[in-house]
Amino acid sequence: MGLIMESSKSNQSLPWVLVNVAMTADGKIALANGSYAPFGSRRDHDHLLELRATADAVMCGARTADSFPVNLGPGPAKYRRLRQKRGLAEYNLRIIVSGSGSLDPEAEIFRHRFSPIVILTTSSISPARLKRLQELADEVKAFGQNKLNFPAALRWLKAKYGVKRLVCEGGGELNAALFQQGLVNELHLTICPVIFGGRTAPTLAGGIGIKNLTDAEQLKIISMKRVGEEMFLIFHRREDISA
Ligand SMILES: NC(=O)c1ccc[n+]([C@@H]2O[C@H](COP(=O)([O-])OP(=O)(O)OC[C@H]3O[C@@H](n4cnc5c(N)ncnc54)[C@H](OP(=O)(O)O)[C@@H]3O)[C@@H](O)[C@H]2O)c1
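Residues numbered from 1 in each chain as written. Predicted model: local features only at pLDDT ≥ 70, side-chain atom pairs only at ≥ 80, totals over all residues. Heavy atoms only, no water.

1. Considering the pairing of strand β2 (residues 57-61)
Move 1: Burial of β2 is extensive: five of the five residues sit out of reach of the surface.
Move 2: Side chains A57, M59 and G61 project from β2 onto one buried face, and the interleaved V58 and C60 project onto a second face that is buried too.
Move 3: Taken together, the five bridges between β2 and strand β3 (residues 93-97) define a ladder with parallel strand orientation. Paired with V58 across the two strands is R94, which belongs to β3. (Buried < 20%, exposed > 50% of the residue type's maximum accessible area, 1.4 Å probe, protein only. Helix = DSSP H or I, 4+ residues; strand = E, 2+ residues; numbered from the N terminus. Pairing = 2+ DSSP bridges.)

Printed below as a string of structure tokens:
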């Protein structure tokens, strides 16, 4: 898949943010009990690695990092070579969001030391949790008091680590915070041919949701492709698209 060019309307001080998510035909991204259940195809996994190979950094929320065996890395050598051909570092920066520092220190990601791990937190983190995470991550940085101030965090990531393009891989709470603050430029959505049900099963954007229809993030469909039994959709934020 080719790189999608950012429009001149995008905010130059912020990275271009892509959210990548696999969703069931009934709109869920996980089982209602939250247990780990990869349900996308091999093709969907390749798409995840292809997207990572276009980005300076890959990010996820604390619950995704500690409930999934994820390492957020570039994967096999062919993707690392692709990154280098594109002028990117061989290994992407890895970012975990954990506002209260509840992230499990035993999470799989800390067993893989191929590139820096940055934890974004808030000033509400307790000194004990802060110390514990500082021992595990390469950098722990606070933005905001209770909820993370994402615009400030993203500006900092761009200025300090040169993050121009960032892939967010969920979960629903983190995605919702980014959508709510108008920070998602691009959504990659794979619709998988399964039904999970469960009224509490997470969706691609959780949080408390908007109060008025006028507050809804407006997207435009950029591409739509069927591969096997899955649909691969790409949306852009409407305001990024030149009239
Ligand atoms: N199908 C897919 O593509 C896909 C992808 C990823 C995950 N998932 C599923 O999604 C579920 C996990 O998602 P989730 O929504 O429960 O959790 P999540 O978004 O992965 O992580 C939530 C945690 O991230 C931190 N966080 C998120 N937004 C924040 C904000 N605005 N300010 C401060 N901290 C913030 C908080 O950590 P603290 O608690 O430390 O404050 C929060 O508890 C799992 O069931 C997983 O299976 C599915």
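Don't stop here, the text continues.
2. A short note on the pairing of strand β9 (residues 230-237)
Move 1: Most of β9 sits out of view: seven of its eight residues are buried.
Move 2: As judged from the six bridges shared by strand β7 (residues 186-192) and β9, these two strands associate in the antiparallel manner. Of the residues in β9, the one forming a bridge with L189 is L233.
Move 3: Taken together, the eight bridges between strand β8 (residues 219-227) and β9 define a ladder with antiparallel strand orientation. The residue of β9 that forms the bridge with V227 is E230.

3. Some words on the pattern of salt bridges
Move 1: Per the counting criterion, the structure on display carries eleven salt bridges.
Move 2: Note that E90 is salt-bridged to R80, the shortest N-O span being 3.1 Å. Here R80 lies in helix α3 (residues 77-85) and E90 lies in the loop between α3 and β3, a separation of ten residues in the sequence.
Move 3: Residue classification places E90 among the partly exposed positions, given a relative accessible area of 30%.
Move 4: For E135, the salt bridge identified is with K131, shortest N-O distance 3.1 Å. (Salt bridge = Lys/Arg side-chain N within 4 Å of Asp/Glu carboxyl O.)

4. So, the environment of C60
Move 1: Tracing the backbone shows C60 in strand β2.
Move 2: Judged by relative accessible area, C60 falls into the buried class, the value being 1%.
Move 3: Distance from C60 to D44, taken between C-alpha atoms, is 18 Å for residues 16 residues apart in sequence.
Move 4: Leaving out residues up to four positions away in the same chain, C60 has contacts with A65, L72, I95, I96, V97, E169, G170 and L174. (Contact = heavy atoms within 4.5 Å.)

5. Considerations on helix α1 (residues 42-52)
Move 1: Residues D44, D46, H47, L48, L49, L51 and R52 constitute the buried set of α1.
Move 2: Tucked inside the fold, the buried residues of α1 contact β1 (16-24), β2, α3, β6 (165-168), β7 and β9.
Move 3: In this structure S41 caps α1, since a side-chain oxygen of it lies 3.2 Å from the backbone nitrogen of R43. (Polar contact = N/O pair within 3.5 Å; in protein donor to acceptor, adjacent residues only side chain to side chain.)

6. Section: the sheet that holds β6
Backbone-to-backbone hydrogen bonds join strands into a sheet, with any given pair of strands oriented parallel or antiparallel.
Move 1: The nine strands lie next to each other as β5-β4-β3-β2-β6-β1-β7-β9-β8, forming an open sheet whose pairing is mixed. Since the sheet does not close on itself, it has two edges, and those belong to β5 (139-142) and β8, each with one partner. Across this sheet, the average inter-strand angle for adjacent strands is 20 degrees, counted without regard to direction.
Move 2: Pairing between strand β4 (residues 117-121) and β5: four bridges, direction parallel. Note that in β5 the partner of I119 across the bridge is V140.
Move 3: Packing of helix α5 (residues 150-161) onto the sheet brings it into contact with β1, β3, β4, β5 and β6, and relative to β4 it is tilted by some 155 degrees.
Move 4: Against the sheet, helix α6 (residues 172-180) engages β1, β2, β3, β6 and β7, with an angle of about 110 degrees to β2. (Axes fitted to C-alpha atoms, helices over the stretch in contact; angles between N-to-C directions.)

7. Digging into α6
Move 1: Counting buried residues along α6, seven of its nine residues qualify, which places the element largely inside the surrounding structure.
Move 2: For α6, the set of buried residues is G172, L174, N175, A176, A177, L178 and F179.
Move 3: Along its buried surface, α6 packs onto β1, β2, β3, α5, β6 and β7.
Move 4: Looking one or two residues beyond α6, the residue adopting positive phi is G182, at roughly 65 degrees.

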